[in-house]
Amino acid sequence: MRDGTKVLVVEDDERTAGFLADNLRADGFRVAVAGEASEAVRAIEVRQPDLVVLDLSLSAGSNGLAVLDRVRSADGLGTRIDPALPVIILSGHGSEIDRVRGFRRGADDFVVKPFSYSELLARVRAVLRRADGRTAAGALVVGQL
């Protein structure tokens, strides 16, 4: 993981969002917060985070799965959204059906609330490590062409 890795926290509960933002910043991440789906999509396009921590139940009837669908369906050309952007779902909806639905829609990991921050941090670092590995492997292939 490189210094200044950008994380977008998509969470409508201000206390949870503040807790995550404060702790992730203390651990060296650059953090932005969005509270609803449309704000999250705009932040992904503009800020181009390295990872998204995504709640499924957002305010104003917006849905975290809609954000995940938007990311995974992006072509990477017509929008500034990378369809391979790592996404960790952080949700109070933790039934097996909810978790499987999240993974089928393209989540890289799924953490159920209430959660341990140290476990979430370990998962964030693991997902970023895998994403950095994909980037490095892609760079090697492109460099060999």
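Predicted model, so just to flag it, every value in this text is computed and none were measured.

Cut-offs used in this document
- Residues numbered from 1 in each chain as written.
- Predicted model: local features only at pLDDT ≥ 70, side-chain atom pairs only at ≥ 80, totals over all residues.
- Heavy atoms only, no water.
- Helix = DSSP H or I, 4+ residues; strand = E, 2+ residues; numbered from the N terminus.
- Buried < 20%, exposed > 50% of the residue type's maximum accessible area, 1.4 Å probe, protein only.
- Polar contact = N/O pair within 3.5 Å; in protein donor to acceptor, adjacent residues only side chain to side chain.
- Contact = heavy atoms within 4.5 Å.
- Phe/Tyr/Trp six-rings, centres within 6.5 Å; stacked < 30°, edge-to-face > 60°.
- Core = buried A, V, L, I, M, F, W, Y, C linked by side-chain atoms within 4.5 Å.
- Pairing = 2+ DSSP bridges.
- Axes fitted to C-alpha atoms, helices over the stretch in contact; angles between N-to-C directions.
- Salt bridge = Lys/Arg side-chain N within 4 Å of Asp/Glu carboxyl O.

Focus on the side chain of Glu11
Structurally, the position occupied by Glu11 is in the loop between strand 1 (6-10) and helix 1 (14-26). A relative accessible area of 4% means that Glu11 is categorised as buried. Looking at Glu11, its side chain comes within polar contact range of the side chain of Lys113, at 2.7 Å. Those residues in contact with Glu11, other than ones at most four positions away along the chain, are Thr16, Ala17, Val33, Ala34, Gly35, Asp55, Leu58 and Lys113.

Some remarks on the packing of aromatic side chains
Scanning the model with the defined rule gives 3 aromatic pairs in all. Arranged with centres 6.4 Å apart and planes meeting at 50°, the rings of Phe103 and Phe110 form a pair that is tilted. When its relative accessible area of 41% is taken as the criterion, Phe103 is described as partly exposed.

Quick look at the nonpolar core
Formed by 24 residues in total, the largest nonpolar core has its most connected members in Leu8, Val10, Ile44, Val52, Leu54, Val67 and Leu68. Residue assignment for this core shows that the elements contributing at least two residues are strand 1, strand 2 (30-34), helix 2 (37-47), strand 3 (51-54), helix 3 (64-73) and strand 4 (87-91). For this core, the element with the most residues is helix 2, which contributes 5 residues. Contacts of Leu54, omitting those with residues within four sequence positions, involve Val10, Gly64, Val67, Leu68, Val87, Ile88, Ile89 and Leu90.

Things to note about the environment of Leu51
By secondary structure assignment, the location of Leu51 is in strand 3. For Leu51 and Val127, which are 76 residues apart along the polypeptide, the C-alpha to C-alpha distance reads 8.4 Å. Residues within four places of Leu51 in sequence aside, it is in contact with Lys6, Val7, Leu8, Leu85, Pro86, Ile88, Val124, Val127 and Leu128.

Some details on the side chain of Thr16
For Thr16, the position within the fold is in helix 1. Dropping the residues within four chain positions of it, Thr16 is found in contact with Glu11 and Phe115.

Re the sheet that holds strand 2
Strand pairing in a sheet is mediated by backbone hydrogen bonds. Such pairs are either parallel or antiparallel. If you trace the 5 strands from one edge of the open sheet to the other, you get 2-1-3-4-5, paired in parallel fashion. Either end of the sheet is taken by a strand with one partner, and the two such strands are strand 2 and strand 5 (109-112). Strand after strand, the sheet turns through a mean of 20° between neighbouring axes, direction not considered. In the sheet, strand 4 pairs with strand 5 via 4 bridges, with the strands oriented parallel. Looking at strand 5, one finds that Ser91 is bridged to Val112. Docked against the sheet, helix 1 engages strand 1, strand 2 and strand 4, running at close to 170° with respect to strand 2.

Considering the environment of Ala32
Relative to the assigned elements, Ala32 resides in strand 2. A relative accessible area of 11% places Ala32 in the buried class. Sequence-distant contacts of Ala32, defined by excluding residues within four places in its chain, comprise Val7, Leu8, Val9 and Arg47.

Thoughts on the pattern of salt bridges
Going through the model one piece at a time under the given rule, you end up with 8 salt bridges. Ionic pairing is found between Lys113 and Glu11, a salt bridge with its closest N-O pair at 2.7 Å. Here Glu11 lies in the loop between strand 1 and helix 1 and Lys113 lies in the loop between strand 5 and helix 5 (117-144), a separation of 102 residues in the sequence. In the salt-bridge network here, residues are joined through shared partners; they are Glu11, Asp55 and Lys113.

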